[in-house]
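Below, each chain spelled out in residue letters.
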Amino acid sequence: MTNEDLLIYFDEQLFLPDLLAKTKDDLFEEIVDQFVKVKYLKSREIVLEMLRQREKLGSTGVGKNVAIPHGRTTSASDIMIAFAKSKNGIEYDAIDGKPVNLIFMIIAPPQDENNMYLPLLGKMVEVLNKSKNRNKLMQAETFDEFMEILSKG
Amino acid sequence: MSLWKYFRKGKILEKKQLDLLVALQDLDMMIEEISEMKRLGFSADREDELLKAREDLAAKIKKPLLYSYEKLKKRYKRAIVPVKEDNTCLGCFIRLPTSMSSIGRTDEEVIYCEGCGRILYWLT
Ligand SMILES: [Zn+2]
């Protein structure tokens, strides 16, 4: 999977460069509400429940101020990724204990045509492992800037 | 809401049952992909937590419904499939009759696809 391939999974309506949330729970709600608002998801409660269960398994705060909450849900028909940024950082119970500033929420349907969900997750981990990318993403204010960074990642 | 409405055909109960079943499938998909999550470098060590949550959730679902879910899961891997706005079953891709979708959209009954037999979940 190339960086260019990533771009189709993002949507300007799911670009939240200035999150209001101050806690992990509020963060999930704020992003899921946006998914529901733009009609990518049907059931807010079911998806929130799925994301909370996922955190029980182990934190999706992967360290270095990044979180990648993710999961498949019967309440979605396509894979979509929301990008959100918190300027002040949110306590997330991340594996390195650091607060989280960059959040990529990946939601996938029960079955996706080309089985892209797992490769997509892997690709996001790879992109976010590079400190250069994380620094640039922290600066991105517009969707265009954001897409530019991802495409070069 | 009047009590009378609440008891009418027990439909509100059905709606809740379908939501529980959808949440159960979401958990099952998560459990199924634990090893892939670990391989990708995610923290996913508390499998016991998920298995416990699954057990608690399954206990809230009526036995016949749970049984039909498990049977469908064995056959198709995914027992419940989303239905998109064009009324196609995402399991077998047949077009569902409009009469079926108007009932399905209300979420008041558990409806099975007439093409493949999977449980349908309307997204719109
Ligand atoms: Zn079908």
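How each quantity is defined
Residues numbered from 1 in each chain as written. Chains lettered and ligands numbered in written order. Predicted model: local features only at pLDDT ≥ 70, side-chain atom pairs only at ≥ 80, totals over all residues. Heavy atoms only, no water. Helix = DSSP H or I, 4+ residues; strand = E, 2+ residues; numbered from the N terminus. Buried < 20%, exposed > 50% of the residue type's maximum accessible area, 1.4 Å probe, protein only. Contact = heavy atoms within 4.5 Å. Areas by Shrake-Rupley, 256 points an atom, 1.4 Å probe, with all protein chains shown as cover. Phe/Tyr/Trp six-rings, centres within 6.5 Å; stacked < 30°, edge-to-face > 60°. Lys NZ or Arg CZ within 6 Å of the ring centre and 35° of its normal. Donors = N, O, S within 2.8 Å, 3.2 Å for Na, K, Ca; no water. Tetrahedral: all angles 85-135°; square planar, octahedral: opposite > 155°, others 65-115°. Salt bridge = Lys/Arg side-chain N within 4 Å of Asp/Glu carboxyl O. Polar contact = N/O pair within 3.5 Å; in protein donor to acceptor, adjacent residues only side chain to side chain. Nonpolar A, V, L, I, M, F, W, Y, C, P; charged D, E, K, R; others polar. pLDDT = per-residue confidence, 0-100. Expected span 1.5 Å × (residues − 1). Core = buried A, V, L, I, M, F, W, Y, C linked by side-chain atoms within 4.5 Å. Axes fitted to C-alpha atoms, helices over the stretch in contact; angles between N-to-C directions. Parallel < 35°, antiparallel > 145°, perpendicular 65-115°, else oblique.

## Notes on the overall build of chain B
Link 1 in the chain: Secondary structure summary: chain B contains six helices and two strands in total.
Link 2 in the chain: For chain B, the sequential pattern of α-helices and β-strands runs α-α-α-α-α-β-α-β.
Link 3 in the chain: For chain B, buried positions account for 46% of its 124 residues.
Link 4 in the chain: Nonlocal contacts in chain B, meaning residues at least 24 apart in sequence, comprise 56% of its contacts between residues at least 6 apart.
Link 5 in the chain: When the accessible surface of chain B is summed, it comes to about 7,000 Å², and 56% of that surface belongs to carbon and sulfur atoms.

## Topic: the packing of aromatic side chains
Link 1 in the chain: Taken as a whole and assessed by the stated rule, the structure comprises ten aromatic pairs over all chains.
Link 2 in the chain: Between the aromatic rings of Phe15(A) and Phe143(A), the centroid separation amounts to 5.6 Å while the plane-to-plane angle is 70°, which identifies the pairing as edge-to-face. Remark: Phe143(A) occurs in helix α6 (residues 143-152) and Phe15(A) occurs in strand β1 (residues 15-16); sequence separation between them is 128 residues.
Link 3 in the chain: Assessed through its relative accessible area of 11%, Phe143(A) is described here as buried.
Link 4 in the chain: Taking the centre distance of 5.4 Å and the plane angle of 50° together, the rings of Phe15(A) and Phe146(A) count as tilted. Of the two residues, Phe15(A) sits in strand β1 while Phe146(A) sits in helix α6, which places them 131 residues apart along the sequence.
Link 5 in the chain: Judged by its relative accessible area of 10%, Phe15(A) is buried.
Link 6 in the chain: Classification of Phe146(A) by relative accessible area gives buried; the value is 0%.
Link 7 in the chain: Positioned over the ring face of Tyr121(B) is Lys42(A), at 4.4 Å from the centre of the ring.

## Thoughts on the coordination of the zinc ion
Reference geometry at the metal: tetrahedral coordination by four donors gives ideal angles of 109.5 degrees; octahedral coordination by six donors gives 90 or 180 degrees.
Residues and elements named next belong to chain B.
Link 1 in the chain: Those donors, Cys89 (SG), Cys92 (SG), Cys113 (SG) and Cys116 (SG), are the protein atoms that reach the zinc ion, and they lie 2.3 to 2.4 Å from it.
Link 2 in the chain: If you look at the zinc ion, its four donor atoms make angles of 104 to 112° with each other, and the shape they trace is tetrahedral.
Link 3 in the chain: All donors of the zinc ion come from a single chain, and their spacing in sequence reads C-x2-C-x20-C-x2-C. Remark: Cys113 occurs in the loop between α6 (98-105) and β2 (119-122) and Cys89 occurs in the loop between β1 (80-83) and α6; sequence separation between them is 24 residues.

## Remarks on the interface of chain A and chain B
Frequently, the measure chosen for interface size is the accessible area removed from exposure when the parts meet.
Link 1 in the chain: Across the boundary between the two partners, chain A contributes 28 residues, which contact 31 residues of chain B.
Link 2 in the chain: The tally of links from chain A across to chain B stands at two salt bridges.
Link 3 in the chain: Across the pair Glu33(B) and Arg72(A) runs a salt bridge whose closest N-O atoms are separated by 2.9 Å.
Link 4 in the chain: The interface formed by chain A and chain B includes nine residue pairs in polar contact (both at pLDDT 80 or more).
Link 5 in the chain: Those elements giving two or more residues to the side of chain A that touches chain B turn out to be α3 (44-57), β4 (70-72) and α4 (117-129) of chain A.
Link 6 in the chain: Considering every element that reaches the side of chain A that touches chain B, the biggest residue donor is α3(A), with six residues.
Link 7 in the chain: Along the lines of polarity and charge, the residues of the side of chain A that touches chain B split into twelve nonpolar, eleven polar and five charged.

## Points about the confidence of the model for chain B
All names here are of chain B.
Link 1 in the chain: Counting all residues, the mean pLDDT for chain B is 86, and 86% of those residues have values of 70 or more.
Link 2 in the chain: Of the regions scoring below 50 in pLDDT, residues 1-10 engages in four contacts with residues more than four places distant in sequence or in other chains.
Link 3 in the chain: As scored by the predictor, the complex reaches a pTM of 0.92 and an ipTM of 0.92.

## As for helix α2 (residues 24-37) of chain A
All names here are of chain A.
Link 1 in the chain: Between the first and last C-alpha of α2 there are 20 Å, a value that for 14 residues agrees with the 20 Å anticipated at 1.5 Å per step.
Link 2 in the chain: Looking at the buried side of α2, the elements it contacts are β1, α3, β5 (80-90) and β6 (100-108).
Link 3 in the chain: Immediately downstream of α2, the backbone of Lys39 shows phi near 70°, a positive value.

## Here we look at the nonpolar core
Nonpolar side chains tend to gather and get buried jointly when the protein is soluble and globular.
Link 1 in the chain: One finds Ile31(A), Phe104(A) and Phe146(A) to be the most contacted residues of the largest nonpolar core, which totals 86 residues.
Link 2 in the chain: If you tally residues by element for this core, the top one is helix α2 (residues 11-32) of chain B, at nine residues.
Link 3 in the chain: Beyond its immediate stretch of four places on either side in the chain, Phe104(A) contacts Phe10(A), Ala67(A), Ile68(A), Pro69(A), Ile81(A), Ala82(A), Phe83(A), Met124(A), Leu128(A), Leu137(A) and Phe146(A).
Link 4 in the chain: In this structure, Val83(B), Met100(B), Leu120(B) and Trp122(B) belong to the second largest nonpolar core, which totals ten residues.

## Description of the packing of α3(A) against helix α4 (residues 47-59) of chain B
Link 1 in the chain: Closest axis-to-axis distance for the α3(A)/α4(B) pair is 7 Å, and the angle between their directions is 140°. On the basis of the axis angle, α3(A) is oblique to α4(B). Packed against α3(A), whose contacting residues are Gln53(A), Lys56(A) and Leu57(A), the element α4(B) presents Glu47(B), Glu49(B), Leu50(B) and Ala53(B) at the interface.
Link 2 in the chain: A class-by-class count of the residues in the contact of α3(A) with α4(B) yields three nonpolar, one polar and three charged.

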